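Observations on the three-dimensional arrangement
One letter stands for each residue in the lines below.
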Amino acid sequence: MQIQVRILRYNPEKDSKPFYQDFTLPDVSPDWRLLDVLHEIKWKYDGTLTFRRSCAHGICGSDGMKVNGKNRLACSILLKDLNMNNPILIEPLPAMPIIKDLVVDMTGFFQKYEVVKPYLITKTPPPSDHERLQSNEDAEKLFESAKCILCGCCTSSCPSTWTNENYIGPAALLKAYRFVFDTRDEGADERLDIIDNPDGIWRCHTIFNCIETCPKEINITWHLSQLKKRISTREM
Amino acid sequence: MAEEINKKIKTFEQQQWIKENLSYKKDSGSWAWIYHRISGIALIGYLFLHVYSLSPLSQGKAAFQHKMELYSTPFFMVLEWILFIVVLFHSLNGIRIVLVDWADGAKYHKQLYRFSWIIGIILFFAMGFIMFSHEILRVFGK
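Bear in mind the structure is a predicted one, so any value in this text is a computation, not a measurement.

Here's the deal with the overall build of chain B
In terms of helices and strands, chain B carries 6 helices and 0 strands. Scanning chain B from its N terminus toward the C terminus, one meets helices and strands in the order α-α-α-α-α-α. In summary, chain B has a C-alpha radius of gyration of 23 Å against a globular reference of 14 Å for 142 residues, an excess of more than 25%. Referenced to the eigenvectors of the C-alpha coordinate spread, the extents of chain B come out at roughly 85 × 40 × 30 Å. A total of 142 residues make up chain B; the buried ones form 27% of that total. Taking as baseline every contact in chain B between residues at least 6 positions apart, the subset at least 24 positions apart corresponds to 69%. A total of about 10200 Å² of accessible surface is found on chain B, and carbon and sulfur atoms cover 73% of it.

Quick look at the packing of helix H5 (residues 74-102) of chain B against helix H6 (residues 109-140) of chain B
Residues and elements named next belong to chain B. The geometry of H5 relative to H6 is characterised by a closest axis approach of 9 Å and an angle of 150 degrees between their N-to-C directions. One finds that H5 runs roughly antiparallel with respect to H6. Every pair of crossing elements has a handedness; the one defined by H5 and H6 is right-handed.

What counts as what
- Residues numbered from 1 in each chain as written.
- Chains lettered and ligands numbered in written order.
- Predicted model: local features only at pLDDT ≥ 70, side-chain atom pairs only at ≥ 80, totals over all residues.
- Heavy atoms only, no water.
- Helix = DSSP H or I, 4+ residues; strand = E, 2+ residues; numbered from the N terminus.
- Rg over C-alpha atoms; globule rule 2.2 N^0.38 Å.
- Buried < 20%, exposed > 50% of the residue type's maximum accessible area, 1.4 Å probe, protein only.
- Contact = heavy atoms within 4.5 Å.
- Areas by Shrake-Rupley, 256 points an atom, 1.4 Å probe, with all protein chains shown as cover.
- Axes fitted to C-alpha atoms, helices over the stretch in contact; angles between N-to-C directions.
- Parallel < 35°, antiparallel > 145°, perpendicular 65-115°, else oblique.
- Left-handed = near helix turned anticlockwise from the far one by under 90°.

Shown next, in the form of structure tokens:
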């Protein structure tokens, strides 16, 4: 089967701005992942094509990119699930600075992630005879939010991020949920103070792009709504 | 050290929100947001129009009556009917947003979106019938 692929290319040493390059692959199988297509191009057609990938099984979250207008992991989509009548359009994640081709600078993304203190904060000493325990029911509340692989698909798909680069973004807020609602954590108020500002949780306008794009199918907006409720009710 | 190296890397900034809003694939949530913004701006515009249309009140009863007759012409009636769907969408979607933020609406956001359109269209035609019942009865009645 033959397919056409259109990729946004940018080489900082040669190009002043990105441009689209078309590739025609004469022999691919519908069972291929999009990552296999990128490998085919890099290995057989153009060795300069640059993209991130590591585990290639949807766990590391390195190969987030915009495919046919929507952020996805290249390793998690099969060709047969894409419309192959038109060229497959592959672009880097939106709103992040392009370093080269499909590789974007995620420094800002991880800086925002660090802002919410993504680690367990404790103020009381641990029990002397056992570790800090948590009931199954309490752990259950965190399972979905803990599935995040930090691929950046959600934050870069959010229209609030496109207009305001200071917006902390859904990924960082989801991590805030993961610790605020952890019964072992004692830093909830610190985190809520951090995200309770116009560039924090209140910049979420419930557009739901994050849910549509999340490769782990996390209902991010629901978790953010729990944070909004917690902030609004804690004063009462 | 890492920051110094980062500064040396030449990158291409792609903060182009108009292009991104146009090219990114939209689902019900993004459409609801876009329509909500557009209807919000339209309603602010209407507010000014509304104040302007009431301004003949200061010129006495006759001037106001004259203005009101203009607004009861079929053209303005249809415009008013269109205004009603803008108000409907903005208020029904507003309720949807409250349910998303305060109830578990985020789990049912697509159903809520569809539901608000169905309710909206039913109310839109019901209002159309009330507004134009006189004309409808004249054409289809005895």
